[in-house]
Amino acid sequence: MTERFTKQDLEMIYSLMEKSFPSDEYRTKAATGALFNDPAYRVIGRRNGDKICAIAALWELESFLFIEHLAVDPEMRCGGIGQSLLREAMEESKLPVCLEVELPETDIARRRIGFYERNGFFLNDYPYYQPPMAEGKSKVPLLIMTSGRRISPDEFASLRDLLYRKVYKYKCD
């Protein structure tokens, strides 16, 4: 059953992020914990016993829902949990959904893109990078995927600027 997690679950949430993403793609533990004070941010997911086995970190913004992280414990992947959690997140919000994916340069990145495409997302080929998540971390070249359809260059610029401003607290060059 899907539940909404709280800051008290931070240790398990953060552990799952560490297992699932390169270190440049998530914040420090303290910065992640601080996000729970932002009303636009929430983390939903599933437990297997006492252990968190899947999360979706979500930002409900003015014009769309941004899925910042979707992760399933490596021991439980390929069982439909990620797809189920993704669909629940999308159904919970009436807004279009967007997310970031790695460039399709590796087999695993291409498989992730395929997963999202099978779930109604479209790859937008506009240059984009995730700003550095903390001091000492690097910006990461990524692409944006959107639910339902590809977006226009103007829609992309607006979406990117909103992500940079609200999610990353980053001033665009």
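Everything here concerns the structure above.
Residues numbered from 1 in each chain as written. Predicted model: local features only at pLDDT ≥ 70, side-chain atom pairs only at ≥ 80, totals over all residues. Heavy atoms only, no water.

> Before we go on, may I ask you to explain the overall build of the protein in this structure?
For the protein, the helix and strand inventory stands at five helices and seven strands. The order of α-helices and β-strands along the protein, N terminus first, is β-α-α-β-β-β-α-β-α-β-β-α. In terms of C-alpha radius of gyration, the protein reaches 15 Å, essentially the compact-globule figure of 16 Å for 173 residues. For the protein, the proportion of its 173 residues judged to be buried stands at 47%. Sequence separation of 24 or more characterises 64% of the internal contacts of the protein that already satisfy a separation of 6 or more. Carbon and sulfur atoms make up 51% of the accessible area of the protein, which totals about 9100 Å². (Helix = DSSP H or I, 4+ residues; strand = E, 2+ residues; numbered from the N terminus. Rg over C-alpha atoms; globule rule 2.2 N^0.38 Å. Buried < 20%, exposed > 50% of the residue type's maximum accessible area, 1.4 Å probe, protein only. Contact = heavy atoms within 4.5 Å. Areas by Shrake-Rupley, 256 points an atom, 1.4 Å probe, with all protein chains shown as cover.)

> Where do I start with unusual backbone geometry in this structure?
Apart from glycine, the bulk of residues carry a negative phi angle, and the bulk of peptide bonds sit in the trans form. Despite not being glycine, Lys169 has its phi angle at roughly 50°, a positive value. Considering the arrangement of structural elements, one finds Lys169 in the segment after helix 5 (153–167).

> Help me out: how do you make sense of the environment of Asp73 in this one?
Inspection of the secondary structure assignment puts Asp73 in the loop between strand 4 (65–72) and helix 3 (81–92). Taking C-alpha positions, Asp73 is 9.6 Å from Ser15, a pair spaced 58 residues apart along the chain. Those residues in contact with Asp73 that sit more than four places away from it in its chain are Leu16, Lys19, Lys51 and Cys53. A polar contact of 3.0 Å, which involves the side chain of Asp73, links it to the side chain of Lys51. (Polar contact = N/O pair within 3.5 Å; in protein donor to acceptor, adjacent residues only side chain to side chain.)

> What is the right way to read the sheet that holds strand 4 from this model?
Each strand in a sheet pairs with its neighbour through backbone hydrogen bonds, running either in the same direction (parallel) or in the opposite one (antiparallel). Across the sheet, which stays open at both edges, the seven strands sit in the order 1-2-3-4-5-7-6 with mixed pairing between neighbours. Since the sheet does not close on itself, it has two edges, and those belong to strand 1 (3–5) and strand 6 (121–130), each with one partner. Pairwise comparison of adjacent strand axes, ignoring direction, gives a mean angle of 35° for this sheet. Pairing of strand 3 (residues 51–60) with strand 4 involves seven bridges; the strand directions are antiparallel. By the bridge assignment for strand 4, Ala56 is matched with Leu70. Helix 4 (residues 107–118) rests against strand 4, strand 5 (97–102), strand 6 and strand 7 (140–147) of the sheet, and its axis sits at about 165° to strand 5. (Pairing = 2+ DSSP bridges. Axes fitted to C-alpha atoms, helices over the stretch in contact; angles between N-to-C directions.)

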